[in-house]
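Listed here are the chains, written in short residue letters.
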Amino acid sequence: PRSTLFPYTTLFRSMLGELRSRALQRGWATGKVEVKSGASLRRPLSAALHRAVRDLAVRHRAPDRVDDVLGVLKAFALKANPEGTGMRDKWQPGIDVPATRGRADSGDIEIDLVELFTCVAELAADVGTGLVLLLDEMQDLGADDVSALCAACHELSQSGAPLVVVGAGLPHVPSVLAASKSYSERLFRYLRIDKLDPAAAEQAVRTPVQREDAEIDDDALAALYETSGGYPYFVQAYGKAAWDAAPGERITAADVIIAGPEAEAELAVGFFGSRLERATPAEREYLYAMAELADLNGAPDEAVPTAQVAEHLGRKASSLSPARDSLLKKGLVYATERGFVAFTVPHFGRFLAGKAA
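The rules behind these values
Residues numbered from 1 in each chain as written. Predicted model: local features only at pLDDT ≥ 70, side-chain atom pairs only at ≥ 80, totals over all residues. Heavy atoms only, no water. Buried < 20%, exposed > 50% of the residue type's maximum accessible area, 1.4 Å probe, protein only. Helix = DSSP H or I, 4+ residues; strand = E, 2+ residues; numbered from the N terminus. Pairing = 2+ DSSP bridges. 1 Å grid on protein atoms, 1.4 Å probe; cavity = no way out; pocket = protein on both sides within 12 Å on 5 of 7 lines; lining within 4 Å. Points joined across faces, edges and corners; volume = space filled by probe spheres on them. Nonpolar A, V, L, I, M, F, W, Y, C, P; charged D, E, K, R; others polar. Axes fitted to C-alpha atoms, helices over the stretch in contact; angles between N-to-C directions. Parallel < 35°, antiparallel > 145°, perpendicular 65-115°, else oblique. Left-handed = near helix turned anticlockwise from the far one by under 90°. Contact = heavy atoms within 4.5 Å. Phe/Tyr/Trp six-rings, centres within 6.5 Å; stacked < 30°, edge-to-face > 60°.

Novice: Outline the pairing of strand 4 (residues 163-169), listing residues and values.
Specialist: A large share of strand 4 lies buried, amounting to 7 of its 7 residues. Where burial is concerned, the two faces of strand 4 agree: the one with L163, V165, G167 and G169 and the one with V164, V166 and A168 are both buried. As judged from the 5 bridges shared by strand 3 (residues 131-136) and strand 4, these two strands associate in the parallel manner. Paired with L131 across the strands is L163, a residue of strand 4.

Novice: So what about empty space enclosed by the protein? Which residues, and what values?
Specialist: Any empty space left between atoms is shown by rolling a water-sized probe over those atoms. Applying the stated criterion across every chain yields a total of 2 cavities of 30 Å³ or more. By volume, the largest cavity is sized at about 40 Å³. Around the largest cavity, the lining residues are A237, K240, A241, D244, E262, A263 and E266. Counting residues per element, the ones that place at least two in the lining of the largest cavity are helix 10 (232-245) and helix 11 (253-276). Per element, the largest residue contribution to the lining of the largest cavity is 4 residues, and it comes from helix 10. A per-class count over the lining of the largest cavity returns 3 nonpolar, no polar and 4 charged.

Novice: Give a description of the packing of helix 4 (residues 109-126) against helix 5 (residues 143-159) that names residues and reports values.
Specialist: Packing of helix 4 against helix 5 leaves a shortest axis separation of 8 Å and a crossing angle of 40°. Classified by the angle their axes make, helix 4 and helix 5 are oblique. In the crossing of helix 4 with helix 5, the sense of the turn from one axis to the other is right-handed. The residues of helix 5 that touch helix 4, namely those facing I109, E110, L113, V114, F117, T118 and A121, are D144, D145, S147, A148, L149, A151, A152, E155 and L156. Among the residues making up the contact of helix 4 with helix 5, the classes are represented as 10 nonpolar, 2 polar and 4 charged.

Novice: Give me the lowdown on the packing of aromatic side chains, citing residues and values where you can.
Specialist: Throughout the structure, instances matching the rule amount to 11 aromatic pairs. Ring plane angle 75° and centroid distance 6.2 Å describe the contact between Y231 and F234, whose orientation is recorded as edge-to-face. This pair shows no difference in class: Y231 is buried, exactly as F234 is. Note on F272 and F348: the rings are 5.8 Å apart at their centroids and 5° apart in plane angle, and the pair reads as stacked. Pair noted here: F272 is in helix 11 and F348 is in helix 15 (residues 348-356), with a separation of 76 residues, a long-range link. Taken together, the ring pairs in this structure connect Y231, Y233, F234, F271, F272, F343, F348 and F351 into an aromatic cluster.

This is the structure:
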């Protein structure tokens, strides 16, 4: 089966959690990894697959076969220790079998991951099931790990092995993968998750409200949708604030209006502020210029030409390349097409334009 990537949604964790639940209901083993920027994939991936192998071991009738796979997994995991690490300081993966020698232990993550995925997938096939590996924050993968993941998924697609990789990340994940392996665009199926339509947003709010034996007026739902723009995380943030603001068991449009500043203040700190803090002064200058241009165009969430950013700042485009490239790597902006950049999270431009004012 082809691997699947879901570019951009603030509901990654709940979505991946739902996918994990459905996989378990079908008897598939699962493992989940939250990618950390600057950290190797080898260690968290080892822990995730260890859990999945334990799920498979319960149904496997040959303990020795399971131990063989665990031995390969341990060999893979131990390579997470830097060269020259002493026994006392060496990280141990908590796998109670000897590490296998000669499989998934070369130290080359691409070679090792192909061997490990193949080995684990064969174990799943033994019991007539499969394995789902869930990866969150894929845009933070290092270059070597991206290359290894693509190579391993390519090998799985060729052999038809029952291991599926489902990833979630920001909009530039496809370009990250394409830069690593030219065949990645054929290897993965990309699904873009964007804003909810009014009916879906209504269901997302009305269902939990009714579960608490409360109600929300239709005009309140309309006001909440207009304020949030239908973006899932914002629907949740404004909905929560309106719930807290309502004095009784019915949420009105007035409650939504009253709750607006509270929701915006929370987003400013926890959602937008945390992202702005990751930017250097030069990168912030670039972000503010993008926001000011988008605001002038009357479309704060739309892409802007990089040439206009340079012109707006009175600088040469080449002098801004380092800041732009760093923002791309940090996942704060992404290239919608050649010569255009946009913010990876909705309403970020509006937030920056408000701060600049």
